[in-house]
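Descriptive structure summary
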Amino acid sequence: MELRQLRYFVTVVEEAGFTRAAERLHLAQPGLSAQVRQLERELGQPLLDRSGRSVRPTEVGEAVLPYARAALAAVDGVRQTVEEYTGLLRGRVAVGLLPGTLAHPFDLAGQLADFHDAHPQVEVTLTEDTSDRMLAALRRGELDLAVVGVAQETPPPGIAHHVVIDEPLVVAAVPGHPLLAEYGGRGAVPPAALRGHRLIGLPRGTGMRGVVERLCAEAGFRPHIAFEAATPDGVCRLAARGLGVAVLPGPGPRPGLAVLPLHDPRARGRVALAWRAEGPMPPAARELLGRLSVGMGGDG
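Residues numbered from 1 in each chain as written. Predicted model: local features only at pLDDT ≥ 70, side-chain atom pairs only at ≥ 80, totals over all residues. Heavy atoms only, no water.

Considering the environment of Gly-201
Within the secondary structure, Gly-201 sits in strand β7 (residues 198–201). The exposure class assigned to Gly-201 is buried, which follows from its relative accessible area of 5%. Placed 23 residues apart in sequence, Gly-201 and His-224 show a C-alpha to C-alpha distance of 10.0 Å. Apart from the residues lying within four places of it in its own chain, the contact partners of Gly-201 are Ile-225, Phe-227, Glu-228, Ala-229 and Val-235. (Helix = DSSP H or I, 4+ residues; strand = E, 2+ residues; numbered from the N terminus. Buried < 20%, exposed > 50% of the residue type's maximum accessible area, 1.4 Å probe, protein only. Contact = heavy atoms within 4.5 Å.)

Right, dumping it as structure tokens:
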């Protein structure tokens, strides 16, 4: 078994086909296919299902994939560590982001630009997704770092993080909405009062959505999420059109909306900078983590 064969196998899985994988690896497709088949013969099991329009890993291939990625990451880590000691930081850092992160005042785009200026040999790739999928990608080694929403202060299993945003959740609706009219004099809305109202929130798989669903479940009902938007700004826009009650992080001004706190100490919107808790971190990722921890207000 050769490392290049493992790299070929992983690339075919990531590209879902031999043609795109060969283009990415700058190889002839027949040679790439022959190398992967040689790996399969050596292991005694097919790793790829070639029967469909796209190539997918078999059950054995799915089981082998994280080990192949770990082996390649270890070799890359050795190489990058040596280069780090010679003063040249290279490599690739895969970063996952919540939609809207680049528009936040902590100016992640500026921090990435500063990192690129300091380390031009490091390639940084950005992907936007839901928190649940990014946390899973971190555990699989497909992402090095991610800005995710978390439902609790303690990190999920297998993950370490710095909480960089921790804000109370609020409910917002057009002025005169029955829910806010009923609770305006009390100064806050209990989670149980959301029962029966059309809610607008972030998608399933986000940290804040998880908090809302948990609070409603504890109050004995499933929330009626009538509309979803990828960002808090989008949630606000839908609420301002009278489509329902928005559940949002932060008490800031919401043009065209009346706002009340959600009355529960656990009703918090938390965003964290996250990474794998176990295993070595490539030097380039470790350097970027240190910069972002400081720049985003973490503990460093």
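Still to come is the rest of the account.
Quick notes on the layout of surface pockets
Considering only enclosed or pocket space, the largest pocket measures out at about 1400 Å³ in volume. Listing elements by their share of the lining of the largest pocket, those giving two or more residues are α1 (3–15), α2 (18–25), α4 (59–85), β3 (91–97), β4 (122–128) and α6 (131–140). In terms of residue count, the dominant contributor to the lining of the largest pocket is α4 (twelve residues). When grouped by side-chain class, the residues that make up the lining of the largest pocket number 16 nonpolar, nine polar and 18 charged. For the second largest pocket, the calculated volume is near 830 Å³. Lining the second largest pocket are 36 residues; nearest its centre among them are Gly-100, His-104, Pro-232, Asp-233 and Pro-249. (1 Å grid on protein atoms, 1.4 Å probe; cavity = no way out; pocket = protein on both sides within 12 Å on 5 of 7 lines; lining within 4 Å. Points joined across faces, edges and corners; volume = space filled by probe spheres on them. Nonpolar A, V, L, I, M, F, W, Y, C, P; charged D, E, K, R; others polar.)

Some thoughts on empty space enclosed by the protein
For the structure shown, the criterion picks out one cavity of 30 Å³ or more. Of the voids in this model, the largest cavity is the one considered here, and its volume is about 50 Å³. For the lining of the largest cavity, the secondary structure elements donating two or more residues are β7 and α8 (207–218). For the lining of the largest cavity, the class distribution of residues is seven nonpolar, one polar and one charged.

Quick look at the nonpolar core
Generally speaking, a soluble globular protein has its nonpolar side chains buried in company with each other. Residues Val-93, Leu-145, Leu-288 and Met-296 are the most contacted members of the largest nonpolar core, which totals 37 residues. Within the residue set of this core, elements represented by two or more residues are β3, α5 (108–118), α6, β5 (145–150), β6 (159–173), β11 (268–276) and α10 (283–295). Those residues in contact with Val-93 that sit more than four places away from it in its chain are Val-122, Glu-123, Val-124, Thr-125, Asp-144, Leu-145, Ala-284, Ala-285 and Leu-288. Formed by 33 residues, the second largest nonpolar core is a distinct cluster that contains Val-170, Leu-180, Leu-215 and Cys-216. (Core = buried A, V, L, I, M, F, W, Y, C linked by side-chain atoms within 4.5 Å.)

With respect to the pairing of strand β9 (residues 245–249)
Most of β9 sits out of view: five of its five residues are buried. Across the two faces of β9 the burial is the same, with Val-245, Val-247 and Pro-249 and Ala-246 and Leu-248 all buried. The pairing of β6 with β9 spans four bridges and is classified as antiparallel. Within β9, the position partnered with Val-170 by the bridge is Leu-248. Where β7 meets β9, two bridges bridge the pair, whose relative direction is parallel. Across the sheet, the residue bridging to Leu-199 is Val-245, located in β9. (Pairing = 2+ DSSP bridges.)

Focus: the pairing of β4
One ladder, built from seven bridges, connects β3 with β4; its direction is parallel. Residue Gly-91 lies in a different strand from β4, and its bridge partner there is Val-122. Note on the crossover from β3 through α5 to β4: the handedness is right-handed. (Right-handed = clockwise from strand over helix to strand, strands pointing away.)

Description of the environment of Glu-287
Positionally, Glu-287 belongs in helix α10. Residue Glu-287 is classed as partly exposed on the basis of its relative accessible area of 30%. Counting along the chain gives 154 residues from Glu-287 to Arg-133, while the straight-line C-alpha distance between them is 24 Å. Excluding its chain neighbours within four sequence positions, the residues that come into contact with Glu-287 are Leu-89, Phe-115 and His-119.

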